[in-house]
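The lines below spell out each chain.
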Amino acid sequence: MVIVEIQDLVKKYPSFELKDISFSLESGRITGFIGRNGAGKTTTIKSMLNMIHPDSGMIRYFNRPFVGNEADIKKRIGYSTGTVSWYPRKKIRDIVDIVKRFYDTWDEASYRKYLDLFSIDEMKTPLELSEGMKVKVNLMLALAHKSEVLILDEPTSGLDPFSRNELLGIFTELRNNGVTVFFSTHIITDIEKCADDIIYISKGRIVAAMSKEDFIRQYSGAGESLEDTILRLEGGAIHA
């Protein structure tokens, strides 16, 4: 079942343009949004959440247009960037007390579960945390209100290999519980480990949006890893 639908999304800047971005996300699947830095991943995600205003296009969640239903839809979505950049001197516990007021679906048991799983000390402030721990705090907040869709911008950024592997395992667990996970990354091995579907963006255009198996079947050469394939495509073997 399609749970998120993006059609013909356009956002123009003087030196960059998102060009007719279209794709959909299915319920209970992990989609990796892959592309090099500057390809348009963050611009796409921010447009999907009305953090920037696209010039044109249609965005739907749960078969409802985002325009006119934004507040209700956002209660059902978890969003996380790579780092925590607000309230740097407040304790994590106090940040949580503020955030949870915005969600009538906040689940204290889930919050405690991820607090423990990520080994987060809620008495510390973001200033006292490593970059990897900041990522975990932001993800914990996204997970604690029973999100049906997780939209994550470079969630593994700054994590050591063990923490990255742990996080990808959590994605799989969430997928198995029916949660739709959409995460951007430029780390191709993260896609290889857990993604069901791949959306590949290059220079502001969607090059491919399909299952990982179909992507490999269509684009990979004999003996190529997924990383080899993406690097070859990015080198100019095909253009959208």
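See the structure printed just above.
A brief structural summary. (Residues numbered from 1 in each chain as written. Predicted model: local features only at pLDDT ≥ 70, side-chain atom pairs only at ≥ 80, totals over all residues. Heavy atoms only, no water.)

Take the pairing of strand 4 (residues 56-61) next. Here 5 bridges tie strand 1 (residues 2-12) to strand 4, and the two strands are oriented antiparallel to one another. By the bridge assignment for strand 4, Val10 is matched with Ser56. In this structure, strand 4 lies alongside strand 5 (residues 64-65), joined through 2 bridges in antiparallel fashion. Its bridge partner lying in strand 5, Tyr61 is registered against Arg64. (Pairing = 2+ DSSP bridges. Helix = DSSP H or I, 4+ residues; strand = E, 2+ residues; numbered from the N terminus.)

Moving on: the packing of aromatic side chains. Tallying each qualifying case throughout the model produces 10 aromatic pairs. Ring geometry for Tyr114 versus Phe118: centroids 5.9 Å apart, planes at 35°, classification tilted. Here the two residues Tyr114 and Phe118 agree in accessibility, since each one is buried. Ring pairing ties together the aromatic residues Phe23, Phe33 and Phe182, which thus form one cluster. Positioned above the aromatic ring of Phe62, the side-chain terminus of Arg76 is 3.7 Å from the ring centre. (Phe/Tyr/Trp six-rings, centres within 6.5 Å; stacked < 30°, edge-to-face > 60°. Buried < 20%, exposed > 50% of the residue type's maximum accessible area, 1.4 Å probe, protein only. Lys NZ or Arg CZ within 6 Å of the ring centre and 35° of its normal.)

Taken in spatial order, the 4 strands line up as 2-1-4-5 in an open sheet, and their pairing is antiparallel. Only two strands of the sheet have a single neighbouring strand rather than two, namely strand 2 (17-26) and strand 5. When strand 1 meets strand 2, the two strands line up antiparallel, connected through 7 bridges. Among the inter-strand pairings, Val4 is bridged to a residue of strand 2, identified as Leu25. Its contacts with the sheet put helix 1 (residues 41-48) on strand 1, strand 2 and strand 4, and the angle it makes with strand 2 is roughly 65°. (Contact = heavy atoms within 4.5 Å. Axes fitted to C-alpha atoms, helices over the stretch in contact; angles between N-to-C directions.)

Turning next to helix 3 (residues 92-99). Those residues of helix 3 that sit buried are Ile92, Ile95, Val96 and Val99. Each buried residue of helix 3 lies within a common arc of 100° when the element is viewed along its axis, so the set occupies one face. (Arc of directions from axis to C-beta.)

Turning our attention to unusual backbone geometry. At Phe62, a position not held by glycine, the phi torsion is positive, near 55°. Considering the arrangement of structural elements, one finds Phe62 in the loop between strand 4 and strand 5. At Lys203, a residue that is not glycine, the phi angle is positive and equals roughly 55°. Its place among the elements puts Lys203 in the loop between strand 9 (197-202) and strand 10 (205-211).

Quick look at the sheet that holds strand 6 (residues 77-80) now. Strand order across the open sheet formed by 6 strands is 6-7-8-3-9-10, with mixed pairing between neighbours. If you trace the sheet from one side to the other, it starts and ends with strand 6 and strand 10, each paired once. The sheet shows a mean angle of 15° between the axes of neighbouring strands, taken without regard to direction. Where strand 7 (residues 149-153) and strand 8 (residues 180-185) come together, 5 bridges link them in parallel fashion. Across the sheet, Val149 pairs through a bridge with Thr180, a residue of strand 8. Lying on the sheet, helix 8 (residues 212-219) is in contact with strand 9 and strand 10; it crosses strand 10 at an angle near 115°.

Another point: the side chain of Asp190. Within the secondary structure layout, Asp190 lies in helix 7 (residues 188-194). At 2.8 Å, the side chain of Asp190 forms a polar contact with the side chain of Thr156. Asp190 has contacts with Thr156, Arg164, Leu168, Phe183, Thr185 and Ala195, leaving out every residue within four places of it along the chain. (Polar contact = N/O pair within 3.5 Å; in protein donor to acceptor, adjacent residues only side chain to side chain.)

Inspection of the secondary structure puts Arg29 in the loop between strand 2 and strand 3 (30-34). Residues Arg29 and Cys194, spaced 165 residues apart in sequence, show a C-alpha to C-alpha distance of 9.8 Å. The contacts of Arg29, once residues within four sequence positions are left out, are Arg175, Val179, Thr180, Val181, Asp196, Asp197 and Ser211.

Any link to function would need more than the numbers given here.
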